There are 4 protein chains.
Amino acid sequence: MCGIVGLFGHPEAAHMTYLGLHTLQHRGQESAGIVSGHEGQLYGYRQMAKVVDAFSADALAKLPGDRAIGHVRYSTTGQSLLKNAQPFWVEYVDGGIAIAHNGNLVGSKETRRRLEASGSIFQSSMDTECIVHLMAAAPPGALEDRLRVALEQVRGAYSLLLLTEDKMIATRDPHGFRPLVIGEVGGATVFASETCALHLIGAKFVREVEPGEAVIVDKDGVRSVRMGAPAPTPSPCAFEFVYFARPDSRVFGGNVYGTRKALGRILAEEQPTDVDVVIPVPDSGVTAALGYAEALDRPFEMGLIRSHYVGRTFIEPQSAIRNFGVKLKLTPVREVIEGRRVAVVDDSIVRGTTSRKIVSMLRNAGASEVHFRVSSPPTRWPCYYGIDTPTRGELIASSHSVEEIRDHLGADSLAYTTLEGLLRAIGDGDRGISGAPFCHACWSGEYRVRMDESPAP
Amino acid sequence: MCGIVGLFGHPEAAHMTYLGLHTLQHRGQESAGIVSGHEGQLYGYRQMAKVVDAFSADALAKLPGDRAIGHVRYSTTGQSLLKNAQPFWVEYVDGGIAIAHNGNLVGSKETRRRLEASGSIFQSSMDTECIVHLMAAAPPGALEDRLRVALEQVRGAYSLLLLTEDKMIATRDPHGFRPLVIGEVGGATVFASETCALHLIGAKFVREVEPGEAVIVDKDGVRSVRMGAPAPTPSPCAFEFVYFARPDSRVFGGNVYGTRKALGRILAEEQPTDVDVVIPVPDSGVTAALGYAEALDRPFEMGLIRSHYVGRTFIEPQSAIRNFGVKLKLTPVREVIEGRRVAVVDDSIVRGTTSRKIVSMLRNAGASEVHFRVSSPPTRWPCYYGIDTPTRGELIASSHSVEEIRDHLGADSLAYTTLEGLLRAIGDGDRGISGAPFCHACWSGEYRVRMDESPAP
Amino acid sequence: MCGIVGLFGHPEAAHMTYLGLHTLQHRGQESAGIVSGHEGQLYGYRQMAKVVDAFSADALAKLPGDRAIGHVRYSTTGQSLLKNAQPFWVEYVDGGIAIAHNGNLVGSKETRRRLEASGSIFQSSMDTECIVHLMAAAPPGALEDRLRVALEQVRGAYSLLLLTEDKMIATRDPHGFRPLVIGEVGGATVFASETCALHLIGAKFVREVEPGEAVIVDKDGVRSVRMGAPAPTPSPCAFEFVYFARPDSRVFGGNVYGTRKALGRILAEEQPTDVDVVIPVPDSGVTAALGYAEALDRPFEMGLIRSHYVGRTFIEPQSAIRNFGVKLKLTPVREVIEGRRVAVVDDSIVRGTTSRKIVSMLRNAGASEVHFRVSSPPTRWPCYYGIDTPTRGELIASSHSVEEIRDHLGADSLAYTTLEGLLRAIGDGDRGISGAPFCHACWSGEYRVRMDESPAP
Amino acid sequence: MCGIVGLFGHPEAAHMTYLGLHTLQHRGQESAGIVSGHEGQLYGYRQMAKVVDAFSADALAKLPGDRAIGHVRYSTTGQSLLKNAQPFWVEYVDGGIAIAHNGNLVGSKETRRRLEASGSIFQSSMDTECIVHLMAAAPPGALEDRLRVALEQVRGAYSLLLLTEDKMIATRDPHGFRPLVIGEVGGATVFASETCALHLIGAKFVREVEPGEAVIVDKDGVRSVRMGAPAPTPSPCAFEFVYFARPDSRVFGGNVYGTRKALGRILAEEQPTDVDVVIPVPDSGVTAALGYAEALDRPFEMGLIRSHYVGRTFIEPQSAIRNFGVKLKLTPVREVIEGRRVAVVDDSIVRGTTSRKIVSMLRNAGASEVHFRVSSPPTRWPCYYGIDTPTRGELIASSHSVEEIRDHLGADSLAYTTLEGLLRAIGDGDRGISGAPFCHACWSGEYRVRMDESPAP
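Rules of the game
- Residues numbered from 1 in each chain as written.
- Chains lettered and ligands numbered in written order.
- Predicted model: local features only at pLDDT ≥ 70, side-chain atom pairs only at ≥ 80, totals over all residues.
- Heavy atoms only, no water.
- Contact = heavy atoms within 4.5 Å.
- Salt bridge = Lys/Arg side-chain N within 4 Å of Asp/Glu carboxyl O.
- Polar contact = N/O pair within 3.5 Å; in protein donor to acceptor, adjacent residues only side chain to side chain.
- Helix = DSSP H or I, 4+ residues; strand = E, 2+ residues; numbered from the N terminus.
- Least-squares fit on C-alpha atoms with pLDDT ≥ 70 in both.
- Buried < 20%, exposed > 50% of the residue type's maximum accessible area, 1.4 Å probe, protein only.
- Buried area = accessible area lost by both parts, 1.4 Å probe.
- Pairing = 2+ DSSP bridges.
- Axes fitted to C-alpha atoms, helices over the stretch in contact; angles between N-to-C directions.

Peer 1: Help me understand the interface of chain B and chain A in this model?
Peer 2: Much of the literature gives interface size as the accessible area that the parts lose upon coming together. Counting residues at the interface gives 57 residues for chain B and 57 residues for chain A. Linking chain B to chain A there are four salt bridges. A salt bridge links Glu335 of chain A to Arg250 of chain B; the shortest N-O distance between them is 3.2 Å. Summed over the shared surface of chain B and chain A, the number is 15 residue pairs in polar contact (both at pLDDT 80 or more). The set of elements that each furnish at least two residues to the side of chain B that touches chain A consists of helix 1 (13-23), helix 3 (57-61), helix 7 (196-200), helix 9 (256-270), helix 10 (286-296), helix 11 (324-329), strand 20 (330-332) and helix 12 (334-337) of chain B. Broken down by element, the side of chain B that touches chain A gets its largest block of residues, five residues, from helix 1 of chain B.

Peer 1: Got a minute to help me understand the relation of the copies chain C and chain D in this structure?
Peer 2: One copy of the chain maps onto the second through a rotation around an axis plus a translation along that axis. If you rotate chain C by 180° and push it 0.0 Å along the axis, it lands on chain D with an RMSD of 0.1 Å. Expressed as a symmetry operation, the mapping of one chain copy onto the other fits a two-fold axis. Closest to the rotation axis within chain C is the C-alpha of His308 of chain C, separated from it by 3.2 Å. With an isologous cut-off of 70% or more, the 100% of interface residues of chain C that recur at the interface of chain D puts this contact in the isologous class.

Peer 1: Can you help me understand the side chain of His371 of chain B in this one?
Peer 2: Residue and element names in this part refer to chain B. Residue placement: His371 occurs in strand 22 (residues 369-374). The class of His371 is buried, set by a relative accessible area of 8%. A distance of 2.8 Å separates a polar atom in the side chain of His371 from a polar atom in the side chain of Glu369. Non-local contacts of His371, meaning those with residues more than four positions away in its chain, are made with Thr273, Val275, Val342, Ala343, Val344, Asp412 and Ser413.

Peer 1: For this particular structure, what's the right way to read the relation of the copies chain B and chain A?
Peer 2: Between the two copies, chain B and chain A, the superposition gives an RMSD of 0.1 Å; the rotation angle is 180° and the shift along the axis is 0.0 Å. Residue by residue, 100% of the interface of chain B is reproduced at the interface of chain A, so both copies engage with the same surface.

Peer 1: Any chance you could explain the interface of chain C and chain D here in plain terms?
Peer 2: Taken together, the contacts link 57 residues of chain C with 57 residues of chain D. Summing both sides of the interface, chain C and chain D together bury roughly 4,800 Å²; the carbon and sulfur share of this comes to 62%. The tally of links from chain C across to chain D stands at four salt bridges. Here Glu301 of chain D and Lys261 of chain C are joined by a salt bridge, their closest N and O atoms 2.2 Å apart.

Peer 1: Would you mind going over the sheet that holds strand 11 (residues 181-185) of chain B with me for this structure?
Peer 2: Strands in a sheet are paired, the pairing made by backbone hydrogen bonds, and the direction either parallel or antiparallel. All names here are of chain B. Strands sit in the order 3-2-4-1-12-11-13 across an open sheet of seven strands; the sheet is antiparallel. With one partner strand each, in any of the chains shown, strand 3 (41-47) and strand 13 (204-208) form the two edges of the open sheet. Averaged over all pairs of adjacent strands, the angle between their axes in this sheet comes to 15°, without regard to strand direction. Seen against the sheet, helix 1 touches strand 1 (2-8), strand 2 (31-38) and strand 4 (67-73) and runs at an angle of roughly 25° to strand 4.

Have a look at this one:
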C-alpha cells in the first residue's frame, strides 16, 4: 500500500506535500519522496525512511517551486531498495517527468518483457516504470495523450500523480480500486489519497477523482478528461474501510469511523456472545470494538496497551522471552482482564501468528474466557491491486476452517463478520455511500481484473 | 521525570536493561544510557536520543557483564546536554561508580556550593552529581555506608540505582516520592521504576523498595538496610496515577488503569453533564474518559485521532496554518463530533494552550457544545520532586479561576475532579492502596519537604 | 577524469576492486561505486564520497561473488548527483548490466535526443547511459555484438568495463584516448586504468587493452575481439603523463616518473635560468622539479609544504585572511626561500589563480626572485575526451600571451616546456614508448575526433 | 603527542583556533576540541575525529566569544574515549575552567590516588585532570595562584592553556619539554604549539613562552609571572626537530627544515656510502634525505610514493596480500629503484616492522642493494614527557644491536646519526639555537625528571 499527495499553485508546494505525506504515513513507512517543479526544472528527493526521518529543513529547501508530488511506500519484504522509492523520476523526449503510484498493475511482467524486447532499459523493479516507458514510446502528443496510450496498455489498480515541467495530472484506473481526492487551499489544487491529508494543510475537500478520469492542472487551470471507457462497474477496495484508511478520513464517499463502528455492531448482531468486557487490539480494532461493545451493551475497556515507541530496528536478546515481539508492542492491563470473560476485537487475521500470541497473553493475564472477534470476513485470497497481503499459502484462512483457526489461536470462540454484513456496513444508512459494488476479492476470490485478462482494447 | 532500570545476575544484563528502558520511554525521551559491569570494569554508553534510536546492536555488544543499570530522561528546557545524560559515571577512591536517578534534590545548589568550596570539581549541572561527591568525601567504608552519609546531607526526591564493580544498590528517599520496584527473573534481581518494565522481560514482581530502604545486591545475594530514619509519613506522588505511570503498571501498590477509571467516575459524580458523547484527549485522557462515560451512561467515542508518527524535528511551513501544532498530533473525527454536545476529558491542564486549540478544533468539526473535563484538580503549584512542571507563572490555574480558564479555552463548561475526589479514587475500594497520605503539592501547595528546611542532621 | 577497476574469478572480487579503487583515487574523489555479480544476480553500491569514506565492511559484505567492477569519479561542477555516480546499472532485455566508463563521448547530446525520440527514458545525465540504450536497441545477439553495434554509433573517448550476470568486457575506443591495462592475480583477470592498481592487490601486469579491442572474460576464459576498424592513428592522451597518472604507474607503455623527470630536464635545456634553488609545487610538480634541478645542477628543496589533511568541507572564517585558500594547502619554508632566487616548478597553469598566490606567498617568504616554470606547454584548449578542463574562456593561456601571464602571476620570469620538447620527453630514449602520435589537443587545438564529425560508419 | 592553540581578543576566536588546530594536525588526529568564552560563559565541543571531520559550521557557530582554546590529540592505544578528549572542561568553586595540555605528567597516578583518598571524583583517565583537582583544592586566590599551587605538586612535561570566564593562561613546565609560542594578530594574543599555526591565521611570531613562565591575558592586557623556580637547566625535546614539528615551523628558537637537512648532512659525513640513488621514506624522511644526498653528491629521487588517501578505517581483505599495510601507504617507483644501489632515509626506527617491509618492497622493485639510513640515534628508551613511544620491550633498539637490526630489516647496511652529531645539527651554525642542553632521553636514557623524583618543593 502507498500514499500519494500533490499540490499545484502553492508557494510552499513541497512543504505542504511533506505535511500531507505526514498524515498518510499509515499508508507507507518504508520510503518517502517528493519531486517539485520550478521554472522548467524538476527537483527530487527520496529516502528509505519514514517521512519524519526522511526530510530535513535543508532537504525541503532544495525542492523549490509552486508544484510538487509526494509518495510514501509501505514496507514489504524484498525489493526494499532506494531505486524502488517513488516518485519515480526520469528524462524522456518531452523533458523531465515524475510519477507517484498507489496500486499494483496486473500483468506488468509481460509488459516489461515486451518493452525490454524493443530496447527499453529499466532502472527499478517497479511496475510503475512500465507506464513511463509506454508514455515515452507513445506517438508524439500532449502529456495526457501519451498517458492515455500508455494506460490503454496496462490494467490493474492505479491512482497516479504525474508531474512534468509545466503540468500535473491525477488519474485513477477505470475500476477505481484505490482512492484519490481533490482539495483546494488558497487557490492551489491538492490531490491526496485520503481526506485526512487535506485537513492538516487547511484544504477543503472538493470531490473524488472519478474512476477512469484524468484531472489536469496547469497554468490555464484545472480540467478533466477521460482516459478511455470507464469500467462497466467501478469496484473500489472495501478493505480501505476495514483497515487501511485513517478513521478520520472519508474515502469513496463514505466515512471510515462510522463504517468501522457499523462493522462492529453488525458483528455483534451476527455473533453475539456473553462476555464481561470488550477490548480492542489497538489501534486497528478500536473503532469496531466500540461498535461491538455498544451493540452488546457490554463495557468497553482498553485492555491492551500499545507502545508507540517501537522502531523497526529493535534489537532482540538471545534469551528466549515468551511472545517477545508482541510484548514489545502490546501489553495487557491485568486489572481489566483478570477473572473475566473477554471479547477481543481486531480488524482481520492474516497469518494468525500475532492473534495467537494475543490470546496467550490474555490468558496469562488471567482471562477466564477469550473470544476472538474479527470485523471482516476470513481473508482467503491475495490482493493483486495494491495491498501487500501474503501469498495464499500464508493466509491462514485460505487453508483452514474457522474452527481450525480458533483451535490454532487457542481462543474459546472465534467469529468473523460475514461478507453480506460487511457490504451492509459499508453502505449502511445515513453514513453510507452510493451503492458501488465494492471489490471484495480478498474475501470472496472474485477478482475484477483477472490475471489472464488481456488489456483493455 | 525519568525512568530507571537495573539487573544483577543476568547473562544479558545490558540487553534486558535496554528492553526495560524501552517500556519506560514514556518517562523520558531526551536521553538514554546504560552502564554495565564485567570483571571489575564498568562500561558505559549514553546518547541524547530516545531508547530506540540511542542503541545499536554494536552499542549493546560493548556493554558486557551480568549487571547493568539504565536511565531515560525527560525532555526539559535548557541543560539538554550529553554531560547531563545518565547514568552518571565516574572514578573515585573506591573505583568506578555509576548512578541513575529519578527525582529531584531540594537545595542541591547550596550543597554544590559547599562542595566546590572544599575543592570538588563538577562535570555536569545535575543535582545527582552532588550525591557522588558526598559519597567520595564520606569516611572510608562500605558503599552503603558512604551512601548513607551522603544521603543524610541531601533532601528531596530520589529513587536511585548505583552500580560499582561488585555491587548494585537500589534506594528511595524517606518520603518515597518516586516509585521503584523489585522483580526477579531466572535468578536475577531486577529494579525498575514501574512494573511494566518487568512484564516485557518476563520478570515477576516481588515488592516495592520501601521509602528510606536500600536494597543491596552482590555476589552474596540480596539484603536490605535502612538509610536513616524513615519519614514520619511517606508521601508518594499522586500525579504518577493521574498521568505519569503507564496504565498497565502498578505503582505504590495500586493499579493505574483502575485508578484512572475511578478518577473519571468520581468526576462524573461530582460534575455530571448532559452531553451526547464523551471523548478523550488521546492517549492521556482515554482511561478517565472511559470511567466518565460509564458513570454518565453516555457513549464513549474516539473523537480525536492521535498521530503516532510525530517526531520532534517536525519542520513548520511559513504559511500560517490554523492550530498547526495540535493538528499534527490530533485530528477530529467529524462524524463523531458534528451536531453533538461533546464532553472532552483530559488528565490535566498545564498552560491551557493545547486545551484551547482542542476546543477550537472540536467547534470547527461541528460540536454544538464543548464541555471540558479534567480528571485531576487544577494544577497550581510547581513540583520540586522530579516532575518538569513549569514555574507558577506559567501554570494557568495558579493565576486564573476555573471560570476564567473556561473562558480562555472557549468551552461551554469546565470542571475538575476535586482533591478529595482524587484521593478517594487513589485509595478507592478493592483497587485501592494502603492509606498513604500522598504528596499532592502540585494541587494543594502542601510541600512535604520545604525549600528552606535544613538537611536531616 | 575517472578511474575504473574490475576483477573476474577472484573469491574476494568486490574487496579487491575496492582496494584497486583506493589506488586510483587521484583519478576521482567525488563518487565511488562497485557492482558485483553472484549466481546470476548483480549487487551494487554507490556513494557520493571518496573511496575510504564510501565503503564500510558492511557495504562490501553485501557485494558477493567472484566478479566486480568499480568506478571513481572526479569532482566536477554541477551535475554532482548520486544518479550520475557509476557503475551505471540497469535491467534490459538480456538481464542486468552494469557499466563503468572513463572518458567522454563526443556528440552524445544528439545521440540522446535521437534515443529519446524513439521512446527511451533516461535516468541520469551521463553520456554513458547512451551506450546502454544503444545496446538495448541493438539486434538480439551476444553481449559483445550488442556492444559493437552500440559503439559504432558513438565517438569520443571511452575505456569501458561492462558486467552482466555471466560476463565481463573491457574495451577502449579506437583512438585509445584513455588507458586500460590487463593484469592477473591467482588465476583471476584484472582490468584497471593504471598499473598502480595492480601493485596493491599483488597482480602482475599482462598488457594493455588495445585501442578498438574488447577483452571478454567468462567461465570459458579470456578472449579478444575487435570492436570495428581501429583508428588509423591511435592517439593516447599525453596529459596522463604530465599530470593525471600516478608517478609509480606505467601508462600507454611508458613510465610516468621517468617521463616527468625528462619533462623537467628538457624544460631546463629549453629554458635555463640562473637561480639559487629549485622548488616544486607539491605534489604535482615534484618529479619535474627534480629533473629541472638536476639538469641545471642547482639545489632541489621542498620549499613549499603541502598539508594532507585538507577536506573539502573546510569552513572559512569571515575575517579576511590573505591567500587563505592556498595557505590551507601550501606553506612556504622561510629558511629555504629567504634571500634566494627561486625557480618554482608546476605541471601546468589552468586559470592562474593558484599560481599567482604561490608567487605572492614566495615573495612574502623573502624570495629575491621568483621564476615560474611549467613542465608542459600553455593549456589553451578544452579537452572533450575526459579531462575536466574549464571552457576556453577560463583557460588563461587561451587569451593571454606568456608575457601577460607572467605579469599576472607577478613572477620575474615564466617559461613552459614546448610541445616539441614534451613529445620528445614522452618518447624519450630507453624510458620511451613506441612512437604513438599522442593526443595533444589541449595545447595544440588539434582534435582527433571533431565535434561535427559524424559517427564512425 | 598533542597540539594546542588559543586566542584572546579576536572576534572569531573559535574559528581561528579551529584553523590553528588544522595546521597542528600532525601533532594529533585522534580527537579535537575547542572551548570558547563569551559573556561569563564557557562553550565547548569535542569529538573523536580529525579536525576537518570534527567541526562543522554549526559546531563553530555554537562557540561564541572573543577567546578560545583548542586541542588535538594523537592516536594512542587504549583509553581512546571521548571523555579523554580535550580541552578538559569542568565547574569548580570559581566557576568554569577549561584546560588543554601537551605533554605528560610523571607520577600522576600517585597524585590521583592521593586526591581520590581525600574525596575527589574523576571523570577521565587523563593526568591533566589532576591539575584541575589540585587547583580546586588550592587555597582561595587568583587563578594564577591556584595554578602555581597545583603545579608545585606535579612534575613532568606540560605546555598548558587554561581558559576561565575572564582569563587565559599559557604556561610551560620548568624544563620546557614541549614547545609553546606567543603570536599576535590584529591586537589579539595567540598561543600555539608551533609557529606554523601562526602563519595560516596571519599572526606574527612574538616569542616563546619561557620554561616555568605563565603568560596571563585578560581585559587588562598581557602579563608574565613565574610559576616557581625555573629548572637549573631547561631541556626541550630534541625529537621535535627530528620528527614531530612541521618542517615549516620554528621550535625552541630553531628552524626545523634546516635542522633536518643538517641531520642528513651529518649522517652522510658520519656514514658515507657508495650508492646510485638516495630516496626518502615520505613524508618523514624527505628533508633529511635531501641533506644526505646533497652531502654525498648523489641523485635524490622520490622512489617511494605515499598515498594521501589512507583513512583509519581501511577494510582489510581476507586474502593474504604481501606487505598489505605498507603497500596501502607506500609504493615504489620501479624506474627509480630497479638495478640500483639505493640509500633509503627515514627519521627513526621504532619497532622495525615498517622499515623491514620497506626494504622488502625495494628489493622486490629490483634494488641491487638497500642501505637504510636513520637521521637520529637508535631509539632505546621510552618517553615519559609526551611522546607516545612504545614500552622498552617494543623498541627494537633497546634489545638489539645495530647489526641485529640490520639483519632483521634485511638491509645491506644500516646506519644512524650519532647523538653527538644530532646535537651538533640542532645547534648547527647560523641555523642553530642557543646552546640549550636538549632532552635526549629516548636515545641516551638520561631522564631529566626521574620517575621516583619527589615533586618540586
